[in-house]
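A closer look at the structure
Single-letter residue listing:
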Amino acid sequence: MATPHTPQSQKLQVLPPDTVPVPRHTSQSDYRTGDLKLGCEAVLTDLGRYLQVPFVSLAKCVGAMPSQQRLEEIRDNLIQSDILTDDGLEWIDFVRPAKMSEEMTFKPLEEIISGILEQVPNCGVSYLSNPNQTPISERHNTSQPDGYLVRPSNQTRPRMHWFDIAVPFEFKKEQDAKAIRDNEHKIIWSLHNIMREDPCRRFAFGITIEEAQLRLWLSNRAFLAVTEPINCFEDIDGVISLFYALGFASASTSLKGLGWDPTVERIYVGEKIQYKFTVGDEVFTTTRELATYGADSMVGRGTRVYEATDAKEKKVAIKDSWREIDRQSEGEILEKILASCEKKLGAEEFADAKRRFVGVRLWKDVTIDGASDETVNPMVGDERNCTWNWEAIDLKPILSERPHLSATGDVPDSGELSAFLPTQLGTVGRKDTRIPQRVHARIVFHDVGVALKDVTSLADNLSCLSGGLKALSYLHKAGWVHRDFSVGNTIWVVDDNGGIGKLGDFEYAKEMDSITSHDVRTGTIHFMAVEVEYQEYIFLPPTSLPPGGTFPDTDFPPPPPFRMNFLHDIESVWWAYTWIFFYHTDTITAKSNNSFDVHAQWRTFQLAFPGAIGHGTRQNFFANIRKLHEARKSISDTCLHVCHNIPHFAQTLQDSYRTAESKYPLLELDNSLLEDMHRKAARYLDDAQQRAGDIELCPLLNLLKRKRSRSEGDTSPTPYNAGKRVRRG
């Protein structure tokens, strides 16, 4: 019997639309080239805007502001130190910019800030002005802040490390639009680098000054905020209060008030940096990064995943992230999924379902001093609560071209993002009715494996994908959709019983009939179903004109809101299947000198996976079966023999969509359609796996680099990471 997932009329309950997916430009190739200008452009495009709040509202979030009596005492001490004039109304050496260099103009700030910090008991930071040296970076970042507050134990280093920078500064002698924009771009990049580079940072403050205009910045995983400016020559008490608060926030040994995380410790194992994460009452020590690219986006979950060991040296995987404050934790979601599976599946299927989902050991929200670690709302309890607003970021020319290094574990893309940046400002689906907040969470998994995208044995790769599809089948039978299937969250786990593909990343999983919706979420564009990309049903039955030649408005009820269903998850599997063969070739072909045209396959890959929402070549690649059949010819003969059924898989999906949407606006998503589509999808993958033999995969990019090196005279071979085949469970 058909189960309607979309109402027929307004009289029935209308389920809210799914959260609109928004792509991250920091996950695309322009950011990962290492070019500082392109990297900054990607960061600014993702942000799109910042939150502007009154100066006092954000300053009070820094630390304890001095009382009026304490403020007068500090002012008197600054007068005695010849930093303030006798009347306490002007700085002695810090004057409005004159005909001197920018460095010399702002040099007196050292004495002013140091004089204020000296009066803070147990102050944990000091100020350095060093605009001509590049701080040490694990990411090869070459940007140079004009100054910074740093940990005092490290202030004598000839070069500062970004790990030790508490608050970066940017200065400009001018106060025109160009100067303001340049300072904004630079401080945003500095805050971005602090947050992406250091797992020990929960948030970071920054300061910009343009001529007389001082602004305080805050970067956390929920938003980027900046204050309305104060005049640093006239508002003496405001300047004193700000730096006193920053000093006070540094008074604890953990520097938690300036954004450091007391539940994470950086250690050195030999010469390699590792981290100790506290989760509840347990401590886990990392052994290697699995995926850190989620931290590249300033606003978002900031997800980092590590392989780690517990106190007994048992290997686990640990994920550190920031979820929206009104969302459930991944552990809670998976617990509910398993409960649904137990209720709706047979005992044998339920036992297999538990094998196919990544095993969770424990999950906890991070607590600091007994309180949940949440991003701050600067307007809470403020009578100026109505005065905050969002300001668009000016994306005009930015920075200079210097390199930086991208993160670990990213999903390779088409290398074709630049042309699409102007149309993607990253603000789709946002609502401005409240200031967003996030909560810091960690989850520990029993299963440690290799993401599908990194499995080099084609047979193992396809077995892993089949395992992910099997996990989806149980998820769908239990009434859930995953909504973010990709080659990064399908894991190949090997143990004494062989290898098995498991499904992870359930943060966005949702019951099909859920009535909840959220403001915005990011999506993995490469593997997103086309209907999800466009947020509309595409495979509708043809419509004929009525005899009069026009459609009366009363004939058509308002269309139902778009919602993901199980077919969209299965289409994501198809995109992953297709990605495997168009992003790779086999190592035999790669090492040979035959007529294989790697550039032709790469061009086809770019059309299929453009890395941008709304780019027509992607929909055309999936929907036009004839052209899809032709596109396969760019693949090597060895791989084509394995994936010959890509068009058949796509056609079956399209037929299923048409069946489901044949009575639109009612969707016929019944159990027979679910079982039929899963059965056919599994058959396509099984057929490919049987044909895979001992084929090893080589990314096209490796081959392209090799050919480029040879054309430049380098004939040394490129090594391939040909992983061993394992038995599959």
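This section reports on the structure supplied with the text. All of these numbers come straight from a predicted model, not from anything done at the bench. (Residues numbered from 1 in each chain as written. Predicted model: local features only at pLDDT ≥ 70, side-chain atom pairs only at ≥ 80, totals over all residues. Heavy atoms only, no water.)

Here we look at the sheet that holds strand S13 (residues 304-309)
Note the following rule: Each pair of strands is called paired provided DSSP finds at least two bridges between the two strands. The numbering of helices and of strands both runs from the N terminus, where a helix is a DSSP run of H or I of at least 4 residues and a strand a run of E of at least 2. Angular values range over 0 to 180 degrees, each being the angle between N-to-C directions of two axes fitted as lines to C-alpha atoms, with helices fitted over their stretch in contact. In what follows, residue pairs with any heavy atoms lying within 4.5 Å of each other are defined as contacts.
Within the open sheet, the seven strands sit side by side as S10-S11-S12-S13-S14-S19-S15. Their pairing is antiparallel. Of all strands in the sheet, those bounded by a partner on one side alone are strand S10 (264-269) and strand S15 (360-365). The average angle at which neighbouring strand axes cross in this sheet is 35 degrees, direction not considered. When S13 meets strand S14 (residues 315-324), the two strands line up antiparallel, connected through six bridges. For Tyr306, the partnering residue across the bridge sits in S14 and is Ile318. Helix H9 (residues 330-344) rests against S14, S15 and strand S19 (438-445) of the sheet, and its axis sits at about 135 degrees to S15.

Focus on the nonpolar core
Rules: Nonpolar cores were defined as sets of buried Ala, Val, Leu, Ile, Met, Phe, Trp, Tyr and Cys residues, with membership established by side-chain atoms within 4.5 Å. A simple rule labels every residue: compare its accessible area, found with a 1.4 Å probe on the protein chains alone, to the largest value its type can have, and call it buried under 20%, exposed over 50%, or partly exposed in between.
Within the largest apolar cluster, 99 residues are counted, with the highest numbers of intra-cluster contacts made by Phe357, Phe506, Trp574, Tyr577, Phe581 and Phe649. The biggest single contributor to this core is helix H13 (residues 566-583), with 13 residues. In this structure, Phe649 is in contact with Ile570, Trp574, Tyr577, Met677, Ala681, Tyr684 and Leu685, ignoring residues within four places of it in sequence. Counting residues in each nonpolar core, the second largest holds 72 residues, with Ile112, Tyr127, Leu218 and Ala222 among its members.

Side note on the sheet that holds strand S22 (residues 490-495)
Strands sit in the order S20-S22-S23 across an open sheet of three strands; the sheet is antiparallel. With partners counted over all chains shown, the strands left at the sheet margins are strand S20 (450-451) and strand S23 (498-503), one partner each. Sheet topology note: the S20/S22 ladder contains two bridges and is antiparallel. Paired with Ala451 across the strands is Ile491, a residue of S22. The sheet contacts of helix H11 (residues 458-477) involve S22 and S23, and relative to S23 the element is tilted by about 45 degrees.

What to know about the packing of aromatic side chains
Going by this rule: To pair, rings of Phe, Tyr and Trp, with the six-membered ring standing in for Trp, must have centres within 6.5 Å; the planes then decide the type, stacked if under 30 degrees apart, edge-to-face if over 60, and tilted in the middle. Geometrically, a charge over a ring is one whose NZ (Lys) or CZ (Arg) sits within 6 Å of the ring centre while staying within 35 degrees of the ring normal.
Following the criterion strictly, the structure yields 34 aromatic pairs and no others. Considering the side-chain rings of Phe169 and Phe171, the 6.0 Å spacing of their centres and the 55 degrees angle between planes classify their relative orientation as tilted. Here Phe169 matches Phe171 in class, with each residue buried. Above the ring of Tyr508, the side-chain terminus of Arg301 is found at 4.8 Å from the ring centroid. Over the ring of Trp575 we find Arg618; its NZ or CZ atom is 4.2 Å from the centre of that ring.

So, the packing of H13 against helix H20 (residues 671-692)
Keep this limit in mind: Here is the rule for angles: anything less than 35 degrees is roughly parallel, anything more than 145 is roughly antiparallel, 65 through 115 is roughly perpendicular, and the remaining ranges are oblique. Polarity classes work like this: nonpolar for Ala, Val, Leu, Ile, Met, Phe, Trp, Tyr, Cys and Pro, charged for Asp, Glu, Lys and Arg, and polar for all others, with Gly in that last group.
Running from amino to carboxyl end, H13 crosses H20 at an angle of 10 degrees, the nearest separation of the two axes being 11 Å. Classified by the interaxial angle, the pair formed by H13 and H20 is roughly parallel. Packed against H13, whose contacting residues are Phe566, Leu567, Ile570, Val573 and Tyr577, the element H20 presents Leu673, Leu674, Met677, His678, Ala681, Tyr684, Leu685 and Ala688 at the interface. Across the contact of H13 with H20, the residue classes break down as twelve nonpolar, one polar and no charged.

Concerning the pairing of strand S2 (residues 49-53)
For S2, the tally of buried residues reaches five of five residues, placing the bulk of the element in the interior. Side chains Arg49, Leu51 and Val53 of S2 all project onto a buried face; the interleaved residues Tyr50 and Gln52 project onto the opposite face, where all are buried too. Note that S2 and strand S18 (residues 389-392) share four bridges and pair antiparallel. Note that in S18 the partner of Tyr50 across the bridge is Glu391. Alignment of S2 against strand S8 (residues 224-227), held across three bridges, turns out to be parallel.

That's the geometry; what it means functionally is another story.
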